[in-house]
Amino acid sequence: MGSAQDVPKLAKTLPLQINGLSKRFGSLTAVDGISLAVRSGECLGLLGPNGAGKSTLLRSIAGRVIPDSGTVRIFGTAAGSPEARKALGWIPQELALYARLTCRENLVAFGQYQGLKGKALEDAVGWCLDWAALQDRAAEPVKNLSGGMKRRLNMAAGLIHRPRLVLMDEPTTGVDPQSRNRIFEMIEALRREGMSIIYTTHYMEEAERLCDRIAIVDHGHIIAEGSNEELVQRVFESRSEVLVHLVGNGSAAWVAQRGGQQVGEASQFTVDHATDVAGLLAAIDEAGLELVDVSVRRPNLESVFLHLTGRGLRN
Amino acid sequence: MRRDRGALALSFVLPIGFFSIFAVIFGGQRESTPKLKVIVADEDHSTASQRLLRGLAAEGSLVVQRKPAAKKGVEQPEYTAASAEAAVRDGAAPVAVIVPKGFGEHPISFGPATDEGSRVQLLKDSSDVVAPQVVAGLLQKVVMTSLPDLMAEQGSKYMDEETGGFTPEQRKRVDAGLDRLRKRQAGEQAGTAAASSTGSGEILPVHVRDVVGMNKQNPMVSFYAAAIGVMFLLFTASGTAGSLLEEAENGTLDRVLSSQVNMTTLLAGKLTFSTLLAFSQLVLMFLWAWAVFHLDLWTHIPGFVVMGLSTAFAVGAFGMLLASVCGTRAQLGALSTLVILLMSSIGGSMFPRYLMPEAIQKAGLLTLNAWAIDGFTKVFWRDEPVTHLWPQVAVLLTAGVVLFVIARKMARRWEYS
């Protein structure tokens, strides 16, 4: 536990410190008083349904949104300042690349935008091509690359200046499992170097694998924050999820009456203890329904996410 | 396109707008020929010279100027032969009519031309191919309508001198006279274009002389190199600046603006690139004009560089502005086509401005094309020194700066949200 005098010092060294951030677009409050911090070397997962405010939050960190209130500081300097820009890498969800330029030309361009030149630029381009496993495609125009290669180059372009804090906005969108796995390995390599990362994704297993801590955002607020295990424990305590596949007239009504939820063809129930499954099975039998399949599982991050944000469709 | 209402609207506005421009320029004219500016200098001050110039001034198709416009409220003296020639050289008018001393003694000629020194002189800028011919024709007409008594007097005098009643001897003399006329006609047809006479066979002997462009091998090449060049420079600049919209659409702009580059630096970089690209295009076009059409490029390098860079900078900034006001590439394509064709048509890139009504000529001064073409004309046509280019250079550079500042303000919409 640090002393009171250590607090300003800590704030200066924190990769990211957000206090009371709010941003409105007309009548829509995209971000509503969010406070958040990222520690050095930490990977923070930022999860939330579409329209929850994640993009506005990321753009605020990148200095591309002027907040209505609150502060965003990157290593102690205001977001958008030259120092913050230097310390920050941004990997946007869109493939923000020059399609007609080659991989190398893209990296050179983005390196120059970051103020690199000469040997430093050359070394940085070489590192990026190695890191993204694109050395053999360096002279290939981006438009000729596969989706996975474009994703990797998109990531490399955000890291050309070797930032200390990186925003990764759904970097695995639209790639095949092999490319996704390769991207995980790339991110893990960055983590070993001590880079701090903010990672947004809609794939919960990615967050579970990569992130030390997770913040769930909805309606402009952070509604839950902690490690994967902490979140599960906090939301579900010792409860378990039971998935049953039922056949028979009135099964849907019976599931609803018992507080279950339809998940595809199966119905999901939450029980306080795994041993309570026996009671549920007996009730099914009493109702005269046919049980085709049953499974019990410990709730995971997806369970937490759906529990907190609901199953209703978002925009 | 259905979802891009701006582009959709422009695709309908474009043809109507462009049609309207041509309709205004050509269809709205009540006269077949726009009024021509003519400078006159009366060095004879005889009754005949005054009547001739009065007759010329009465011509509805001419704007006759006897003296330069007042400077700072001070009336200027009437033109002399020298000041009229200087004014044509400076582009104040495409034609000057000089009535020399002694004109009143032999104002009209029926046969071999009178004394060379007393002939009316028509000084012309041969970049305007229409005005000198119109004025030369009107001079003959004015003699008929304004000096009929002198014409009759000179005719009878000619008959008396040349025929004497058509005796064999007189016939011989008439034949000899006709022979001389034929020889003179043949000689003039073989003569140079720089100095000629319309005197033979015409009532009013006129000595026509080029005072601008007399040594040019291909007089209109420099005009068209500049005129067409500027128009395509505008299209290129608009296309180059359009990369900004592409970057905004594909997300690279966001990425660039989160780097060490801010919007002002980005736009300045794009303007620099656009300027250099446009200048390179001009260099290529003028080199082509030199190689193929014998444009005298090498003796005009300083003027060409100054005008080329000024023009390239202005069109580059213009392209930035167009891109910054458009939301999509499609909108930019439609808007730039409309605006550039409008500017090019009234600015003199498609046809010389002196062929347009005066109001359109004045409106043309609101375009970059007009100032650029005027500057290049000064360099390649009038052989004026670089220091004389300051009005054109000042206008183009100022326009470039103003357009860039507006573009920068408009670009704020991409900067932050």
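Residues numbered from 1 in each chain as written. Chains lettered and ligands numbered in written order. Predicted model: local features only at pLDDT ≥ 70, side-chain atom pairs only at ≥ 80, totals over all residues. Heavy atoms only, no water.

Engineer: Looking at this model, I keep getting lost on the domain arrangement of chain A. Mind explaining?
Structural biologist: Reports of interface size often rely on the accessible area that becomes lost once the parts have come together. By domain assignment, chain A separates into domain 1 (4-231) and domain 2 (240-298). Taking the mean C-alpha position of each, domain 1 of chain A and domain 2 of chain A sit 41 Å from one another. (Domains from an automatic or database assignment.)

Engineer: I keep staring at a negative patch on the surface and nothing clicks. Help me out?
Structural biologist: Residue and element names in this part refer to chain A. Residues Glu205, Glu208, Glu229, Glu230 and Glu302 make up a contiguous surface patch of negative charge. Mapped by element, the contributors of at least two residues to the negative patch are helix H8 (204-210) and helix H9 (228-236). By the element assignment, Glu302 lies in helix H12 (residues 301-309). (Patch = residues over 30% accessible without salt bridge, like charges linked within 9 Å, V, L, I, M, F, W, Y side chains within 5 Å. Areas by Shrake-Rupley, 256 points an atom, 1.4 Å probe, with all protein chains shown as cover. Salt bridge = Lys/Arg side-chain N within 4 Å of Asp/Glu carboxyl O. Lys, Arg positive; Asp, Glu negative; His and termini not counted. Charge placed at Lys NZ, Arg CZ, Asp CG, Glu CD. Helix = DSSP H or I, 4+ residues; strand = E, 2+ residues; numbered from the N terminus.)

Engineer: Could you clarify how one ought to interpret the nonpolar core in this entry?
Structural biologist: In summary, soluble globular proteins display a tendency toward joint burial of nonpolar side chains. Counting residues in each nonpolar core, the largest one holds 113 residues, and the members touching the most others are Leu107, Met168 and Tyr199 of chain A together with Phe286, Phe318 and Leu368 of chain B. Broken down by element, the residue count for this core peaks at 12 residues, all from helix H11 (residues 301-325) of chain B. The contacts of Phe318 of chain B, once residues within four sequence positions are left out, are Leu234, Val339, Ile340, Met343, Leu368 and Leu403 of chain B. Core analysis: the second largest hydrophobic core is formed by 27 residues, Leu16, Leu57, Leu88 and Ala215 of chain A among them. (Core = buried A, V, L, I, M, F, W, Y, C linked by side-chain atoms within 4.5 Å. Buried < 20%, exposed > 50% of the residue type's maximum accessible area, 1.4 Å probe, protein only. Contact = heavy atoms within 4.5 Å.)

Engineer: For this particular structure, what's the right way to read helix H7 (residues 177-192) of chain A?
Structural biologist: An α-helical segment advances 3.6 residues per turn. Residues three or four places apart therefore align on the same side. All names here are of chain A. Given a rise of 1.5 Å per residue, 16 residues ought to cover 22 Å, and the 22 Å separating the end C-alpha atoms of H7 matches this to within 8%. Where H7 is concerned, the buried positions are Ser179, Arg180, Ile183, Phe184, Met186, Ile187 and Leu190. For H7, the buried positions fall inside an angular range of 160° around the axis, keeping them on one side. Away from its buried face, by an angle of more than 90 degrees, H7 presents the exposed residues Pro177, Gln178 and Arg192. In this structure, the buried residues of H7 make contact with helix H5 (118-131), helix H6 (147-158), strand E7 (165-169), strand E8 (196-200) and H8. (Expected span 1.5 Å × (residues − 1). Arc of directions from axis to C-beta.)

Engineer: How should I be thinking about the interface of chain B and chain A in this particular structure?
Structural biologist: Contact with chain B, which involves 18 residues of that partner, is made by 27 residues of chain A. Contact between chain B and chain A buries roughly 1,900 Å² in total, counting both sides, with carbon and sulfur atoms accounting for 46%. Summed over the shared surface of chain B and chain A, the number is 3 salt bridges. As a salt-bridge pair, Arg100 of chain A and Glu246 of chain B come within 3.2 Å of each other at their nearest N and O atoms. (Buried area = accessible area lost by both parts, 1.4 Å probe.)

Engineer: Please explain the sheet that holds strand E12 (residues 261-263) of chain A as it appears in this structure.
Structural biologist: Note: strands within a sheet are paired through backbone hydrogen bonds, in either parallel or antiparallel orientation. Residue and element names in this part refer to chain A. Strands sit in the order E12-E13-E11-E14 across an open sheet of 4 strands; the sheet is antiparallel. The strands lining the two open edges of the sheet, one partner per strand, are E12 and strand E14 (290-297). Neighbouring strand axes in the sheet, compared pairwise and without regard to direction, differ in orientation by 30° on average. (Pairing = 2+ DSSP bridges. Axes fitted to C-alpha atoms, helices over the stretch in contact; angles between N-to-C directions.)

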